[in-house]
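Descriptive analysis of the structure
Here are the chains, one letter per residue:
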Amino acid sequence: MMKDSNNLLKGWPGNGEKLLLGMIHLKGDGIEDIYSRAIRECEIYSTGGFDGVVVENYFGSLEDVRYCLPRLKGKFPDLFVGVDVIWDNDKSFDLAVEHQLPFIQLDSLSGQLSPEDEPAFEKRIRWCQENTSTVILGGVRLKNQPVLSGNSLEVDLQLAKSRGDGIIVTGVDTGVETDLKKIKQFRELIGDFPLIVGAGVNENNCAQQLSIADGAIIGSSLKHGGIAKGDLEIDRVRRLVSLVRSLTGKENTND
């Protein structure tokens, strides 16, 4: 059944569900291999019980994103298909409007921009919001990026709340577990605003981290060897989904 892009956050997180978004890193040798791999990964995420996927140029290029994104969106109506063009928010905004995406992931909603760059960023956010129903998810103090805002964490988090629909919290790098103290700190400062763990969620920590956060963006831990360059494994996906869904008292009914 096709998912309504307007309903990505309807009832969430107040309904107790945990949003699960899987990473499509666009690994492959040439566009045909990249796209066929992306299809296989979407099939695994869908079968395994994930809510959606993030198409990201982690291994691929912007052109690979442009090719794969609309095709995956059309081919997998049961998944929320969003995008993250790494450290190019403008391209993510453009793609959101062009393809009327259900959501986008921004590397930073606040903190990583210098004060002189803030007005242009604000303008682009409002443009996206005026031309789409796209849900904007974004990081604050993401991974190992420098803080340029000059603000306290609390001020940056409040600014992020005014700009987006959900805040992403991460550790120091891709696939590295996010410190539980940091997740708790973000939760204390943003209240019941949607909070998503964006790195390092795995079978061992998902219950503890998602008892605090409202969702997770996951890739590396679900792949062979637990690393980004590995192949996505359905058994890992199913085990994690089962653990997460058990937090809400619901079993994963996907085959």
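This text gives an overview of the structure that appears in the document. (Residues numbered from 1 in each chain as written. Predicted model: local features only at pLDDT ≥ 70, side-chain atom pairs only at ≥ 80, totals over all residues. Heavy atoms only, no water.)

Some remarks on the overall build of the chain
For clarity, the threshold we go by: Numbering of helices and strands runs from the N terminus, with a helix taken as a DSSP run of H or I at least four residues long and a strand as a DSSP run of E at least two residues long. Note on method: radius of gyration uses C-alpha positions; expected globular size equals 2.2 Å times residues raised to 0.38. Using a 1.4 Å probe on the protein chains alone, a residue whose accessible area is under 20% of its type maximum counts as buried, one over 50% counts as exposed, and one in between counts as partly exposed. We call two residues in contact whenever any of their non-hydrogen atoms come within 4.5 Å of each other. Here the Shrake-Rupley method, with its probe set to 1.4 Å, supplies the accessible areas, and only the displayed protein chains count as covering residues. Here Asp and Glu are counted as negative and Lys and Arg as positive; His is not counted, and neither are the chain ends. Lys charges are placed at NZ, Arg charges at CZ, Asp charges at CG and Glu charges at CD.
Looking only at helices and strands, the chain features eight helices and eight strands. The C-alpha radius of gyration of the chain comes to 17 Å, within 12% of the 18 Å expected for a compact globule of 255 residues. With the C-alpha coordinates of the chain rotated into their principal frame, the extents come out at 45 × 40 × 30 Å. The proportion of buried residues among the 255 residues of the chain is 53%. Expressed as a percentage of contacts within the chain between residues at least 6 apart in sequence, the contacts between residues at least 24 apart total 70%. About 11,100 Å² of surface is accessible on the chain, with carbon and sulfur atoms providing 48% of the total. Computed over 29 positive and 38 negative side-chain charges, the inter-centroid distance for the chain is 2 Å.

Examining the pairing of strand β3 (residues 80-84)
The cut-off we apply is this: In this description, strands pair whenever DSSP reports at least two bridges between them.
Burial runs high along β3: five of the five residues are buried. Burial of the side chains of β3 extends over both faces: F80, G82 and D84 are buried on one face and V81 and V83 on the other. With five bridges joining them, strand β2 (residues 52-56) and β3 adopt parallel strand pairing. When the sheet's bridge partners are listed, V55 is paired in β3 with V83.

Topic: helix α5 (residues 153-163)
Our working rule: Working definition: the arc comes from the directions between the helix axis and the C-beta atoms, pointing outward to the latter.
Along α5, the residues that are buried comprise L153, D156, L157, A160 and R163. All buried residues of α5 fall inside an arc of 120° around its axis, so they share one side. Contacts from the buried residues of α5 go to β4 (103-110), α4 (118-131), β5 (135-140), β6 (166-169) and α6 (180-190).

Observations regarding the nonpolar core
Most often, soluble globular proteins have nonpolar side chains that are buried together. Test applied: Residues belong to a common nonpolar core when they are buried Ala, Val, Leu, Ile, Met, Phe, Trp, Tyr or Cys residues joined through side-chain atoms within 4.5 Å.
Ranked by internal contacts, the top residues of the largest apolar core, which has 59 residues, are F50, L72 and I167. It is helix α1 (residues 31-48) that contributes the most residues to this core, seven residues altogether. When sequence neighbours within four positions are dropped, the list of residues in contact with L72 reads Y35, A38, I39, C42, V55 and V81. Counting 12 residues, the second largest nonpolar core, distinct from the first, contains L19, M23, V54 and L137.

As for the pattern of salt bridges
Here is the rule we go by: The working definition used for a salt bridge is a side-chain nitrogen of Lys or Arg within 4 Å of a carboxyl oxygen of Asp or Glu.
In the structure shown here, the tally under the stated rule is 14 salt bridges. As a salt-bridge pair, R124 and D90 come within 2.8 Å of each other at their nearest N and O atoms. Here R124, found in helix α4, pairs with D90, found in helix α3 (residues 89-99); they are 34 residues apart in sequence, far enough to count as distant. By relative accessible area, which is 40% here, D90 ends up partly exposed. R187 is the partner of D214 in a salt bridge, and the nearest nitrogen-oxygen pair spans 2.7 Å.

Quick look at the pairing of β2
Quick reminder of the rule: Handedness is read with the strands pointing away from the viewer; a crossover is right-handed when the path from the first strand over the helix to the second is clockwise.
The buried fraction of β2 is high, at five of five residues. The two faces of β2 match: G52, V54 and E56 on one face and V53 and V55 on the other face are all buried. With α1 bridging strand β1 (residues 19-24) and its parallel neighbour β2, the resulting β-α-β unit is right-handed. Since β2 and β3 lie parallel, the crossover through helix α2 (residues 62-75) that links them has a hand, and here it is right-handed.

With respect to the packing of aromatic side chains
Counted only if it meets this: Any pair of Phe, Tyr and Trp rings, taking the six-membered ring for Trp, is counted once the centres come within 6.5 Å. Such a pair is stacked with planes under 30 degrees apart, edge-to-face with planes over 60 apart, and tilted for the rest.
Tallied over the entire structure, the rule returns four aromatic pairs. Ring geometry for Y58 versus F59: centroids 4.9 Å apart, planes at 85°, classification edge-to-face. Judged by its relative accessible area of 37%, F59 is partly exposed. Between F93 and F121, the aromatic rings sit 6.2 Å apart at their centres with planes inclined by 40°, giving tilted as the arrangement. You can see F93 sitting in helix α3 and its partner F121 sitting in helix α4, a full 28 residues away along the chain.

Don't take any of this as a statement about function, it's just geometry.
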